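# Survey of secondary and tertiary structure
Now for the letters of each chain:
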Amino acid sequence: MIERRLRAQVGLLVVADVMATAGAAVAAWWLRFHVEIQPVTKGVPPLDDYLRLAPVVVLLYPLVFAFQGLYRARRIRSRVDEGLRILSAVLLATVILAAGLTFYREASYSRVALVVFFALEVGFVTVVRWALLALLARIRRSRGRLQRVLVVGAGELGRQVARRLEAHREYGFRVVGFLDDDPGKQQRELQGFAVLGTTHDLEDVIAAEGVDQVVVALPLDTHRRTAEVIRRAGRLYVDLRGVPDLLQYYV
């Protein structure tokens, strides 16, 4: 269910990006040749010349966005990071478009219009994406509770996963707490999340907390315990995800 939700969200983002790109292109042409943000000295070119570019533009920009990682559903980013990635992707796509237009001899295109389109594209895509994610979050809240997530492993990796999920409720998840076998972590709250028991309590905690998804965030050196948790959780009606312990490579 979670995979279907993320795929649907990516599909909606692609549609939103295409619509924002088309809107930015039309607005750029109108601002350049009708509002005349800079005086038009060579006359207004036929709209058909620009319409011929529409299929190229609405395909090129989403493809570059995909190349830049803007459709990776599992990646949780801050708004600042998202905005910077959008700026970088739009800049790359615009450079490619401008380079292609230098070899196209059937018509000439305004450089001013291209610059205006670049600025509008960054703004339109950013606003439309943020609005769409906010709308999806509101729809999920209106339909009922968020997906309840149990994190197995209260170490640095598990706490990082919990923080990121809680910081981005628009993805539809809510962390209910941790399971961890460390006796020193029992009956404690770590960064606002309760340690609800040990891995031996997995089934009971899932039932008591109404868990929808289990995220296994145990260190790589606990192979046997990780395999046991995965085996037991796999028998239950919950989604199961594993998070590799990558943090040890950066110590």
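Residues numbered from 1 in each chain as written. Predicted model: local features only at pLDDT ≥ 70, side-chain atom pairs only at ≥ 80, totals over all residues. Heavy atoms only, no water.

The next point concerns the overall build of the chain. A tally of regular secondary structure across the chain gives eight helices and six strands. In the chain, the succession of helices and strands from N to C terminus is α-α-α-α-α-β-α-β-β-β-α-β-α-β. Considering the chain as a whole, with its 251 residues, one finds that 43% of them fall into the buried category. Restricting the contact set of the chain to residue pairs at least 6 apart, pairs at least 24 apart contribute 75%. (Helix = DSSP H or I, 4+ residues; strand = E, 2+ residues; numbered from the N terminus. Buried < 20%, exposed > 50% of the residue type's maximum accessible area, 1.4 Å probe, protein only. Contact = heavy atoms within 4.5 Å.)

Structurally, A22 can be placed in helix α1 (residues 2-35). Taking relative accessible area as the criterion, A22 reaches 32% and is therefore assigned partly exposed. Taking C-alpha positions, A22 is 7.4 Å from A54, a pair spaced 32 residues apart along the chain.

Oppositely charged side chains can form a pair if their charged atoms are brought close together. Throughout the structure, instances matching the rule amount to nine salt bridges. The closest approach of N and O atoms between E156 and R163, which form a salt bridge, is 3.5 Å. For E156, a relative accessible area of 39% corresponds to the partly exposed category. Between E228 and R231 there is a salt bridge; the shortest N-O distance is 2.6 Å. Of the two residues, E228 and R231 are both situated in helix α8 (residues 223-234); the distance of three residues between them amounts to about one turn of the helix. Among the charged side chains, a salt-bridge network with shared partners connects D17, E82 and R129. (Salt bridge = Lys/Arg side-chain N within 4 Å of Asp/Glu carboxyl O.)

Burial along strand β5 (residues 213-216) is two-sided: Q213 and V215 facing one way and V214 and V216 facing the other are all buried. Pairing geometry for strand β1 (residues 147-152) and β5, over four bridges, is parallel. Looking at the pairing, V149 lines up with Q213 of β5. Strand direction decides the pairing type here: β5 and strand β6 (residues 239-242), joined by four bridges, are parallel. (Pairing = 2+ DSSP bridges.)

Within the element layout of this structure, R232 appears in helix α8. Within polar-contact distance, the side chain of R232 engages the backbone oxygen of T199 at 2.9 Å. Among residues more than four places away in sequence, those in contact with R232 are T199, H200, D201, L202 and E203. (Polar contact = N/O pair within 3.5 Å; in protein donor to acceptor, adjacent residues only side chain to side chain.)

What follows is about the packing of aromatic side chains. As enumerated under the stated definition, the model contains three aromatic pairs in all. For the ring pair Y61 and F117, a centre distance of 5.3 Å and an interplane angle of 85 degrees mean the geometry is edge-to-face. Here the residue Y61 occupies a position in helix α3 (residues 54-67), and F117 occupies one in helix α5 (residues 111-143), the gap between them amounting to 56 residues. The same class applies to Y61 and to F117, which are both buried. Aromatic side chains F178 and F193 sit 5.9 Å apart centroid to centroid with 90 degrees between the ring planes, which places their arrangement in the edge-to-face category. (Phe/Tyr/Trp six-rings, centres within 6.5 Å; stacked < 30°, edge-to-face > 60°.)

By themselves, these are just geometric observations and shouldn't be taken as functional.
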